[in-house]
Amino acid sequence: MPTGAGLIAADLQALLELSTAVHEPQRPEQLAARVLELLMNVLPAEHGAVLLCEPGSREPGVAARRDRGGALDTPFPIGATRVGQVLEDRMGRLYTSAEAERGTPAVRAVLCAPLPGQPSPLGVLYFDAASGPAFTEHHLELLTAAAVICAHGLATVQHLARLEREAQRLSAGLTPGVVGESAAMQRLSRFISRAAPVDSTVLLRGESGTGKEVAARALHRASTRAAAPFVAINCA
């Protein structure tokens, strides 16, 4: 690890690269992995993890984890009590071996910083060390600054991912071209989903302007002939 002026320069470089990374469009797990990569370069940690909470939950899940060798998603013990304390207090903490938590006997020190959010923290940046130099107050200050820098970016990509999942869920339950939530529209959607796969002629009746062609196009798009052209002919 660098010392003196070199240490400060390395820290500033890591924070600068973090501030750039959080503005790049990517998946939450990709950004979390990049955050870990940059911080492992300046922290004497054996393992690191980004833990994120879903809205309304205080139980964070692992968005990404990394070890000193660069391996991703290698499981390692994470002290749930320490994480809960950091989330509750909204304050970064440095734990020494004298404060070792049950279930993590090999860990000599743990470094945690909350990811700021409203109304509750977004999650936690978590690092541990089983060998090598111990964490210091300087490392805690660095991690706290890093958490502030990357929290908004992580919140944004997490929100976009939720919107994408919700859009996919909604689109999976919709009949193409047919929009509406009334009982009549739901019956129409069910009819189209049953009739479309059948190789048979379908007669749609209704007054002018009631949407017969819209329903016909929806039938076509949901049928086995969807790749073929849809031809509308005005018989009048």
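Up top you'll find the structure we're talking about.
Residues numbered from 1 in each chain as written. Predicted model: local features only at pLDDT ≥ 70, side-chain atom pairs only at ≥ 80, totals over all residues. Heavy atoms only, no water.

Asker: Would you explain the overall build of the chain in this entry?
Answerer: Of regular secondary structure, the chain possesses six helices and five strands. From first element to last, N terminus to C terminus, the chain shows the α and β order α-α-β-β-α-β-β-β-α-α-α. Across the 236 residues in the chain, those meeting the buried criterion constitute 34%. When contacts within the chain are restricted to residue pairs at least 6 apart in sequence, those whose partners lie at least 24 apart make up 57%. Summed over its atoms, the accessible surface of the chain is roughly 13700 Å², and 57% of this surface lies on carbon and sulfur atoms. (Helix = DSSP H or I, 4+ residues; strand = E, 2+ residues; numbered from the N terminus. Buried < 20%, exposed > 50% of the residue type's maximum accessible area, 1.4 Å probe, protein only. Contact = heavy atoms within 4.5 Å. Areas by Shrake-Rupley, 256 points an atom, 1.4 Å probe, with all protein chains shown as cover.)

Asker: Before we go on, may I ask you to explain the environment of Glu164 in this structure?
Answerer: In this fold, Glu164 is placed in helix H4 (residues 137-172). Exposure remark for Glu164: the relative accessible area of 39% places this residue in the partly exposed category. Within the local environment of Glu164, its side chain forms a polar contact with the side chain of Arg27, the two groups lying 2.9 Å apart. (Polar contact = N/O pair within 3.5 Å; in protein donor to acceptor, adjacent residues only side chain to side chain.)

Asker: What am I meant to see in the pairing of strand S5 (residues 123-129) here?
Answerer: For a regular strand, the rule is simple: side chains alternate between the two faces of the sheet. Across the seven residues that make up S5, a large majority, seven, are buried. Burial of the side chains of S5 extends over both faces: Gly123, Leu125, Phe127 and Ala129 are buried on one face and Val124, Tyr126 and Asp128 on the other. Where strand S1 (residues 47-52) lies against S5, six bridges are found, and the strand directions are antiparallel. Residue pairing across strands places Leu51 opposite Val124, the latter belonging to S5. Pairing geometry for strand S4 (residues 109-115) and S5, over seven bridges, is antiparallel. Bridge pairing in S5 places Ala113 opposite Leu125. (Pairing = 2+ DSSP bridges.)

Asker: So what exactly am I meant to see when it comes to the sheet that holds strand S2 (residues 61-67) here?
Answerer: Sheet strands associate in pairs through backbone hydrogen bonding, adopting either a parallel or an antiparallel arrangement. Taken together, the five strands give an open sheet; going across it, the order is S2-S1-S5-S4-S3, and neighbouring strands pair in antiparallel fashion. For this open sheet the edge positions go to S2 and strand S3 (93-95), each flanked by a neighbour on one side alone. Across the sheet, the mean angle separating the axes of adjacent strands is 15° when strand polarity is ignored. Where S3 and S4 come together, three bridges link them in antiparallel fashion. Bridge pairing in S4 links Leu94 to Leu111. Packing against the sheet, helix H2 (residues 28-40) makes contact with S1, S2 and S5, and its axis sits at approximately 35° to S2. Relative to the sheet, helix H3 (residues 80-89) contacts S1, S3, S4 and S5, its axis offset from that of S3 by approximately 155°. (Axes fitted to C-alpha atoms, helices over the stretch in contact; angles between N-to-C directions.)

Asker: Sorry, what's going on with the pattern of salt bridges here?
Answerer: Opposite charge on two side chains makes pairing possible when the charged atoms of those side chains draw close. All chains considered together, the criterion is met by eight salt bridges. Between Arg34 and Glu17 there is a salt bridge, with the nearest N and O atoms lying 3.5 Å from each other. One end of the pair, Arg34, is in helix H2; the other, Glu17, is in helix H1 (residues 5-21), and 17 residues separate them in sequence. Residue Asp89 is joined to Arg93 by a salt bridge in which the shortest nitrogen-to-oxygen separation is 2.5 Å. The network of salt bridges with shared partners includes Glu17, Arg34 and Glu37. (Salt bridge = Lys/Arg side-chain N within 4 Å of Asp/Glu carboxyl O.)

Asker: Can you walk me through the side chain of His220 in this structure?
Answerer: By the element assignment, His220 lies in helix H6 (residues 212-222). Taking relative accessible area as the criterion, His220 reaches 16% and is therefore assigned buried. In terms of polar contacts, His220 uses its side chain to reach the backbone carbonyl oxygen of Ala228, at 2.8 Å. When neighbours within four sequence positions are excluded, His220 is seen to be in contact with Arg225, Ala226, Ala228, Pro229 and Phe230.

Asker: Would you mind going over H3 with me for this structure?
Answerer: Within an α-helix, residues lying three or four positions from one another point in the same direction, as the helix has 3.6 residues per turn. Burial in H3 covers these residues: Arg82, Val83, Val86 and Leu87. Viewed end-on, H3 has its buried residues packed into an arc of 135°, placing them on one side of the element. Exposed and facing more than 90 degrees away from the buried side of H3 are Ala80, Thr81 and Glu88. Next to the buried residues of H3 lie S1, S3, S4 and S5. Within two residues after H3, Arg90 carries a phi angle of roughly 55°, on the positive side. (Arc of directions from axis to C-beta.)

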